[in-house]
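Next come the chains, spelled out residue by residue.
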Amino acid sequence: MTEYDPRKAEEKWQRKWLEDKVFEVRADDSRPKYFANTPYPYVNGFLHLGQAVTNLHPEIMSRYKRMKGFNVLFPYAFHCTGMPIVAAARRIKEGEPRQIELMKSTGIPEEQIPLFADENYWVKYFPAEARKDITRFGLCTDWSRTFITTSANPHYDKFVRWQFTRLKELGYVRLGEHPVVWCPKDQTVVGDHDRISGEGETPSEFTLLKFELEGKYLLAATLRPETVYGQTNLWLDPEVEYVEADVDGETWIINEQCAEKLKEQKHEVNIIGKVKGREMIGKSVIAPAIHRPIPILPTRFIDQGKGTGIVTSVPSDAPDDWVALKVLQEDKEECKKYGLNVEELRAIEPIPIIITKGWGPLPAVEIVDKMGIKSLEEKEKLLKAKEDVYKAGFYDGIMRENCDEFSGMPVIRAKDVIKEKMIEEGEASTLYEPSGDVVCRCLTPSIVKIVSDQWFLAYGDDEWKSQVHECLDDMTLYPEISRKQFDYVIDWLTDWACTHHFGLGTRLPWDEKWVIESLSDSTIYMAYYTISHVLQQLDPEKITDEVFDFLFKNIGTSSEVAAKTGIPEDALVEMRREFEYWYPFDLRHSAKDLIQNHLTFALFSHVAIFDRKYWPRGYGINGYITVREEKMSKSLGNVRTLRDALNQLGADVTRITLAQGGEGLDDPSFDPGFALTIGRKLKQWYSFATEKHETREEWHPIDSWFRSVMNKSVKETEEAMEQMNHRTALKICYFDLQREWQWYLRRTSNTPNSKLLEDFVKTETKLLSPFVPHLCEEIWEALGKEGYISRASYPESKAEEIDRVAERSEEFLKSNLEDIREILKVTKIVPKKIVLYLSPDWKNKVYLWAIQLAKSQDLSMKTIMEKASADDELKEKTKVISQFAGKVVKDMQRMSSANLEKFGNLVDEKGYLSESVELLKTQFSCDVEICDAEDESRYDPKSKAKFAMPWRPAIFVE
RNA sequence: GCGAGGGUAGCCAAGACUGGUCAAAGGCGACAGACUCAAGAUCUGUUCCAGAAGUGGUCCCGGGGUUCAAAUCCUCGCCCUCGCACCA
């Protein structure tokens, strides 16, 4: 017996596939094509299991389709565009310990780490490493078409430039304004990867309220403009020196930081003076919207880093304001210090403005009481209180009768309308702040800048959207259930900022100071795969827009373009042929996080640039991988690389473990325990498939049964494969079919029919080969088969070999076994003798009548007894018949039509059981007798025989 | 809050669209038996409760409903996951 060595076999077949160019494919009009692909990975590290599982599904599909006779293209490339690599390289250069530690932990030798200070090194290193891993994973990749992105690949660079030029001509690339998180010191955008803290924070919009004071305005920032109707006072920090600034022609009083921010947000700002907070305490200002005078009161709890340093006070709905007010009202000394009139101050009461289900008129007062908050020092409690009140008020609240024309309006709507109105009337403005504190790598707190010459892809364009919907409507989605999500995203998308100042990538053709952003340069590159093997060999200088116009839009002729560009005409013809043959792609498969950006962006670009016949045909989606029930993520520190898995388990085991981890949108789980078991089972399959077995030539009824089961299995596997339900497919073609085979072996006393054995080994190996191709190639070779199993034809289910009678008969036998076992278990009898009494003919007759009647919905005691008394043979026994019929009628009434069909076809119970009596004897190690229930000579000491009925012989055990 | 997907036995997970052989597939784990000097592997069986006869009881997040019949359909509620973007 030869032991299967996965390591050796996997290397061997990967080498042979490469040498024989098994997966290197070219256009071939004599064969139907299938083009599958998967988003190229971003190469700032080694591939992890999440990417592996995402790549594996289209890989399995590709192998399956190849066996179904398709010419299959499954290419692979690498994404280098964007900021993370640049940022990481910079960190290495600066010797940042965290980054260096990260590199070490992924397995980069320490002495090599300095090389990564150069961003170009990443772009060389990781694609090469990823390619090794992908090859070792056994993917059927056509490497002749691989490439990297960015200007480091001048050919691809030309392609992206063409794409953007065309999009701009179509009017889909537009100039606009856009708020970004910005470092005032570095004067740059602060991307997530450039932050010390504040990852994920984005610009959010505050309303700036104007409070008039002697012809000048004090400005207060708020996120809840709708609460202006509840304003009772204004808060100032007496110790802070505010500035007077000329802003767009008005005089504003704000803090200095705010003045700086406003300068970046399209305001004309000139500081003209300073004013101490203390000087303004006690004065009255006219509040916006309500146009009432309210007093300026002191507090020390204003975060000067946010907003203007001045805060409006709404004690009814803002817990902070209520607590601050209460504290001040009770602090006589503080009042004295600022010369405040205590009586007037104490007269200030919160004003109810929002009606919220489940809350009283003053939610802030209510929650502060409930939580027992006494001071502004209790920051955590206040935060929670604020959150609760805000959530309830914002989503469920309705504006009270004292809110002008907004009375009765839901808060969720009123917020925007009130804001708009105040801005319109010159009572308010806007200010952007990061949604949370963001600190740039240079340690400067970030602000928000409004960039005004930002380029956008106009994904908000309604006409464009409707075309994308049309495209989606014609696509196949795996699983179909993801369609709603796509439709939602298409509608929800707005214009996308598609250029950046920094990062790797392609420069915007008409404005070279911009680099095309990384999600925007990767929307139609699947078309690039069709031509890259030829294009990448050309002189990039010669690749002009006309070339792509010709290849993808069929503009001009090959000779014209050749003459104009100096590119050999046959290369152009070849590329055009490849594109026409392969495009559109049939399947693009990705994890679900790309639904709301990349996958949908790709649809937009396709409908804009390509003719309808080249629009995408199919998308596949999978969930996020979990390892031991934990979501795999950097923050959990449980990221497993593909390389580790391959080293530990080998390719086939990694593949099958991932494939059976889950399907559809569910998060697949990587189960190391399963990996261990399946590894042994696969070796066993190799041994079984390649060893000699004792067989026989003659054909037995049980052979028909297994052949039938196998055919059904092939059919069902195929159905699951077509739906990309790989887990289901594996269950059917491997776990279930193997179990059936075990049963078959028992039924044949380990002597299978030789032809059937051969057929089973061949079929099972083929069915498994998309999942574990190396093992299957090795078996294929050991069996002496020609060529590669990767190119062999998929098994076909033969309708004429499906034998329902054989299957029903075997089921009948199995149910007898189960019944006997059950009896033995309950009675704890160790059997010496088992007797099976078969249903008499008259019961069969009545049973079948009942089924007929049930099918025609006409079954009742009455109808069935009428039939019995009309029957010559049965009319004598109406008494026993009525007893039996009572039970039958009850059973049948709750039978599904499928079961009526199934049980309506009786099998030859006696014949089948008699043939199988040896099995029963060995199974229970005792004597087994089969007789007719009404045979006079039967052995029936406990009078069990009378319980016999069709499908359920009576059983006696002693 | 909005959008999407979910909640099934010790765990993972089918079933739900199309109600009925559904006490509910399969995998993992656990237990028992066979094989073995032994362990492992493998094979066989058991794995909601009760049971000396193939049965009965309870059951699919919780409440209510429709139906001869509900894990499945309707309704109300609770809970979980993901997304809500300017970027990989």
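Residues numbered from 1 in each chain as written. Chains lettered and ligands numbered in written order. Predicted model: local features only at pLDDT ≥ 70, side-chain atom pairs only at ≥ 80, totals over all residues. Heavy atoms only, no water.

Draft legend 1. Local environment of the packing of helix 5 (residues 119-137) against helix 22 (residues 642-649). Across the interface, helix 5 lies against helix 22 with an axial gap of 10 Å and an inter-helix angle of 40°. It follows from the interaxial angle that helix 5 and helix 22 lie oblique. Between helix 5 and helix 22 lies a crossing whose hand is left-handed. Contact residues: helix 5 offers E129, K132, D133, R136 and F137, while helix 22 offers L642, R643, L646 and N647. In terms of residue class, the contact of helix 5 with helix 22 is built from three nonpolar, one polar and five charged. (Axes fitted to C-alpha atoms, helices over the stretch in contact; angles between N-to-C directions. Helix = DSSP H or I, 4+ residues; strand = E, 2+ residues; numbered from the N terminus. Parallel < 35°, antiparallel > 145°, perpendicular 65-115°, else oblique. Left-handed = near helix turned anticlockwise from the far one by under 90°. Contact = heavy atoms within 4.5 Å. Nonpolar A, V, L, I, M, F, W, Y, C, P; charged D, E, K, R; others polar.)

Draft legend 2. Main features of the sheet that holds strand 1 (residues 33-37). Pairing is parallel across the open sheet formed by five strands, whose spatial order is 2-1-24-25-20. Because the sheet does not close on itself, it has two edges, and the strands there are strand 2 (71-73) and strand 20 (476-478). Pairs of neighbouring strands in the sheet enclose a mean axial angle of 20°, with direction left out of account. Alignment of strand 1 against strand 24 (residues 587-591), held across two bridges, turns out to be parallel. (Pairing = 2+ DSSP bridges.)

Draft legend 3. Summary view of the pairing of strand 31 (residues 954-957). The two faces of strand 31 match: A954 and F956 on one face and I955 and V957 on the other face are all buried. Pairing analysis gives four bridges linking strand 29 (residues 833-838) to strand 31, with the strands arranged antiparallel. Bridge pairing in strand 31 links I834 to V957. (Buried < 20%, exposed > 50% of the residue type's maximum accessible area, 1.4 Å probe, protein only.)

Draft legend 4. The arrangement of the confidence of the model for chain A in detail. Confidence in the prediction of chain A, expressed as mean pLDDT, is 89, and 98% of residues score 70 or more. The complex model carries a pTM of 0.85, and its ipTM stands at 0.92. (pLDDT = per-residue confidence, 0-100.)

Draft legend 5. The protein's contact with RNA strand B, seen in detail. The immediate surroundings of RNA strand B are formed by 60 residues, with Y42, T494, H500, N597 and F903 found nearest. When the atoms of RNA strand B within 4 Å of the protein are sorted by group, sugar and phosphate make up 60%. One of the side-chain nitrogen or oxygen atoms of H500 is found 2.4 Å away from a phosphate oxygen of RNA strand B. In this structure, Q684 approaches RNA strand B through a side-chain N or O atom, which is 3.5 Å from a sugar or linking oxygen. Looking at the surface near RNA strand B, the elements that each hand over two or more residues are helix 16 (483-492), strand 21 (496-497), helix 21 (595-609), helix 24 (672-690), helix 26 (726-747), helix 29 (804-827), helix 33 (897-903) and strand 31. Residues of the surface near RNA strand B, tallied by class, amount to 23 nonpolar, 17 polar and 20 charged. (Near = heavy atom within 4 Å. Polar contact = N/O pair within 3.5 Å; in protein donor to acceptor, adjacent residues only side chain to side chain.)

Draft legend 6. Region of interest: the layout of surface pockets. For the second largest pocket, the calculated volume is near 1,400 Å³. Every residue lining the second largest pocket is counted, 38 residues in all, and those nearest its centre are F206, L223, V311, D320 and K386. Ranked by residues supplied to the lining of the second largest pocket, first place goes to helix 13 (residues 379-396) with nine residues. Residues of the lining of the second largest pocket, tallied by class, amount to 18 nonpolar, nine polar and 11 charged. (1 Å grid on protein atoms, 1.4 Å probe; cavity = no way out; pocket = protein on both sides within 12 Å on 5 of 7 lines; lining within 4 Å. Points joined across faces, edges and corners; volume = space filled by probe spheres on them.)

Draft legend 7. Structural view of the nonpolar core. Counting 144 residues, the largest nonpolar core has L658, W685, F706, V846, I864 and M892 as the members making the most contacts within it. When residues in this core are grouped by element, the largest group, nine residues, is from helix 26. Setting aside chain neighbours within four positions, we find V846 in contact with I864, L874, I881, F884 and A885. Ranked by size, the runner-up nonpolar core spans 78 residues in total, among them Y156, W182, L472 and A608. (Core = buried A, V, L, I, M, F, W, Y, C linked by side-chain atoms within 4.5 Å.)

Draft legend 8. Summary view of the pattern of salt bridges. One pass over the structure, following the stated rule, counts 63 salt bridges. The residue D29 makes a salt bridge to R577 at a minimum N-O spacing of 4.0 Å. Taken together, the residues span a long stretch of sequence, with D29 in the loop between helix 1 (6-19) and strand 1 and R577 in helix 20 (residues 569-582) at a distance of 548 residues. Since its relative accessible area comes to 36%, R577 is described here as partly exposed. Close ionic contact of R696 with D703 constitutes a salt bridge, the shortest N to O distance being 2.7 Å. In terms of burial, R696 and D703 fall into one category: buried. (Salt bridge = Lys/Arg side-chain N within 4 Å of Asp/Glu carboxyl O.)

Draft legend 9. Empty space enclosed by the protein, seen in detail. For the structure on display, the rule yields three cavities of 30 Å³ or more. When its volume is computed, the largest cavity comes out at roughly 110 Å³. Surrounding the largest cavity, 15 residues form its lining, H589, I621, E663, G664 and M724 being those nearest its centre. Each residue belonging to the lining of the largest cavity can be placed in one class, and the counts come to five nonpolar, eight polar and two charged. Taken as a whole, the second largest cavity spans an internal volume of roughly 60 Å³. If you trace the second largest cavity, you find it lined by Y229, A289, H291, F406, I418, K421, M422, E425 and E427. Partitioned by chemical class, the residues of the lining of the second largest cavity number five nonpolar, one polar and three charged.

Draft legend 10. Highlighting the packing of helix 30 (residues 841-855) against helix 31 (residues 861-870). Contact geometry for helix 30 and helix 31: axes closest at 10 Å, N-to-C directions at 135°. With respect to helix 31, the element helix 30 is oriented oblique. For the pair helix 30 and helix 31, the crossing hand works out as right-handed. Contacts between helix 30 and helix 31 involve V846, W849, A850 and L853 from the first element and T863, I864, K867 and A868 from the second. Across the contact of helix 30 with helix 31, the residue classes tally to six nonpolar, one polar and one charged.

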